[in-house]
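What the coordinates show
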Amino acid sequence: MQNNTWTDAALLDHLQKAVYLELWTLPLYLAAAYSLQVPGSDAQNPPQLKSLRGKSNPKRSREQLAFNNIYSVAVQEMLHLELASNLFNALFAPKGHTPKFTGDWAPRYDKFPSWIAVEKPVQLGPVNPEQMSLLAAIETPEPATDGAPNGPQETYDSIGQFYKAIEQGVNQRWSELYQPKADHRQKSEFTNPEYPGDDYTGFSSIIDSQDSDTARKQANAVIQAIIGQGEGSRGPVIDSDLRPEDSNDVEDRFSHFARFRMVQAMLKLDGPLKTYPTPGSSGLAAAQKQLTAGFTSLLTALEQGYAGNGELDLGSMWSLPGQIVSVWAAGGVPQFQTQSQ
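Residues numbered from 1 in each chain as written. Predicted model: local features only at pLDDT ≥ 70, side-chain atom pairs only at ≥ 80, totals over all residues. Heavy atoms only, no water.

**A look at the overall build of the chain**
- On a plain count of helices and strands, the chain comes out with eight helices and zero strands.
- What you see in the chain, going N to C, is helices and strands ordered as α-α-α-α-α-α-α-α.
- Residues counted as buried form 53% of the 341 residues belonging to the chain.
- If you sum the accessible surface of the chain, you get close to 14,800 Å²; carbon and sulfur atoms cover 48% of it. (Helix = DSSP H or I, 4+ residues; strand = E, 2+ residues; numbered from the N terminus. Buried < 20%, exposed > 50% of the residue type's maximum accessible area, 1.4 Å probe, protein only. Areas by Shrake-Rupley, 256 points an atom, 1.4 Å probe, with all protein chains shown as cover.)

Structural data, given as structure tokens:
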């Protein structure tokens, strides 16, 4: 990409990188969240989101509050992964491309993705000041000094700037790329206005209208949801149409950066949170083997799901919490690797 002209190849490359970014954040956030020793939780009963509004709540604790803030971000990143994958497929599935989650596109945790110019060490780790600084850096709002995108770039100052470039590329190439009558292989696990019981009802993850202008509006809404909820949000409060319908989802009123800053403030003001590992524990190799198998299964299911017409099989995703806690409890740091790595 030596010039600043959006081409089909440049946009395809950027959309695959968007899918990678959303997947890349998940293990970082999940490893941190499940490192917390929330009262009443263990590997057989991993922590869950619990309301802290009532003082009579027996699980009311600093660890529960920190878990709520970090895990709620991870859940929204699952949504963002769906949105990025659907955006990819809306334009490129009819041309024979589908997003990749395995092989060279399996996430790695030695540094920031090369197209995001953040010079900060990357590692999987527990909730502590260093790790929360990393998580906050990932979600740092796009600097107000960033100018408008000028075509595709090799690197971007922030994830927010990266998505602004994608927005430009999508709008410039839409008319040539979008095929209204094609199979766009869309998935909806987290949001769809047709089903009022879903968490998010203000926008749809589906981009498949047979009217090109309507589909373009759906695509732009998907991009704005990703930017407005987390990567690129310039304020602490999320717009009401990008929040869950359930008013009890208190954390999801605030940007990802604001939620991580909340945990940073807890550590600074009141000291360390209770985290794993548990001294003198055992069984680390077996626990890590199970996590590796589960993560490999998830990546395979995602790749197959977005390449086909069937439903996404997310069973392996919902098995991860217990597998992650098992590694922490056995005295190790969860490693999100595949069986081929």
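Here the narrative resumes.
**Things to note about the environment of Asp213**
- Among the secondary structure elements, Asp213 is positioned in helix α5 (residues 212-229).
- Under the relative-accessibility criterion, Asp213 is labelled exposed at 51%.
- Along the primary structure Asp213 and Pro180 are separated by 33 residues, whereas in three dimensions their C-alpha atoms are 9.8 Å apart.

**Considerations on the side chain of Gln16**
- Topologically, Gln16 is positioned in helix α1 (residues 8-33).
- Given the relative accessible area of 7%, Gln16 is considered buried.
- In this structure Gln16 touches Phe88, Thr98, Pro99, Lys100 and Trp105, once residues within four positions along its chain are discounted. (Contact = heavy atoms within 4.5 Å.)

**Observations regarding the environment of Asn128**
- Within the secondary structure, Asn128 sits in the loop between α2 (62-92) and α3 (129-138).
- Exposure remark for Asn128: the relative accessible area of 24% places this residue in the partly exposed category.
- Along the backbone, Asn128 and Gly271 are 143 residues apart, and their C-alpha atoms lie at a distance of 9.5 Å.
- Here Glu130 takes part through its backbone nitrogen, which lies 3.2 Å from a polar atom of the side chain of Asn128. (Polar contact = N/O pair within 3.5 Å; in protein donor to acceptor, adjacent residues only side chain to side chain.)

**A few points about the pattern of salt bridges**
- The tally for this structure, following the rule as stated, stands at two salt bridges.
- Note that Arg173 and Asp8 form a salt bridge whose closest N and O atoms lie 2.8 Å from each other. Here the residue Arg173 occupies a position in helix α4 (residues 159-177), and Asp8 occupies one in helix α1, the gap between them amounting to 165 residues.
- Asp8 sits in the partly exposed class, given a relative accessible area of 28%.
- Salt-bridge contacts for Asp13 lead to Lys17; the nearest nitrogen and oxygen are separated by 3.1 Å. In this pair, Asp13 and Lys17 are both assigned in helix α1, four residues apart and thus about one turn of the helix distant.
- A relative accessible area of 11% places Lys17 in the buried class. (Salt bridge = Lys/Arg side-chain N within 4 Å of Asp/Glu carboxyl O.)

**Describing α1**
- Here α1 is 26 residues long and its end C-alpha atoms lie 38 Å apart, about the 38 Å a rise of 1.5 Å per residue gives.
- Burial analysis of α1 places 23 of its 26 residues in the buried class, which makes it a mostly covered element. (Expected span 1.5 Å × (residues − 1).)

**A short note on the packing of aromatic side chains**
- Summed over all chains, the structure comprises 15 aromatic pairs.
- Their ring planes at 55° and their centres at 6.0 Å tell us that Phe88 and Phe92 sit as a pair that is tilted. You can see Phe88 and its partner Phe92 sitting in helix α2, four residues apart, about one turn around the helix. Neither residue differs from the other here; Phe88 and Phe92 are each classed as buried. (Phe/Tyr/Trp six-rings, centres within 6.5 Å; stacked < 30°, edge-to-face > 60°.)

**Side note on unusual backbone geometry**
- Backbone torsion omega between Tyr276 and Pro277 reads 10°, so that peptide bond is classified as cis.
- Counting through the fold element by element, Pro277 comes out in the loop between α6 (256-270) and α7 (284-307).
- In the Ramachandran plot, Arg185 falls in the positive-phi region, its phi being about 50° despite a non-glycine side chain.
- For Arg185, the position within the fold is in the loop between α4 and α5.
- The exposure class assigned to Arg185 is partly exposed, which follows from its relative accessible area of 25%.

**Considering the packing of α7 against helix α8 (residues 315-329)**
- One way to put it is that α7 packs onto α8 with a least axis distance of 9 Å and a crossing angle of 160°. Compared by their axis directions, α7 and α8 come out roughly antiparallel. Taken as a pair, α7 and α8 cross one another with a handedness that is left-handed. For the pair α7 and α8, the contacting residues are Leu284, Ala287, Gln288, Gln290, Leu291, Gly294, Phe295, Ser297 and Leu298 in the first and Ser316, Met317, Leu320, Gln323, Ile324, Ser326 and Val327 in the second.
- Of the residues in the contact of α7 with α8, the class split is nine nonpolar, seven polar and no charged. (Axes fitted to C-alpha atoms, helices over the stretch in contact; angles between N-to-C directions. Parallel < 35°, antiparallel > 145°, perpendicular 65-115°, else oblique. Left-handed = near helix turned anticlockwise from the far one by under 90°. Nonpolar A, V, L, I, M, F, W, Y, C, P; charged D, E, K, R; others polar.)

**Structural notes on α2**
- Its 31 residues place the ends of α2 45 Å apart at the C-alpha level, agreeing with the 45 Å of an ideal helix rising 1.5 Å per residue.
- Within α2, 28 of the 31 residues are buried, which leaves the element mostly enclosed by the surrounding structure.

**Quick word on the confidence of the model for the chain**
- Residue-level pLDDT values for the chain average 88, and 88% of them are 70 or greater.
- For the chain, the element scoring lowest by mean pLDDT is α5, at 92; α1 scores highest, at 98. (pLDDT = per-residue confidence, 0-100.)

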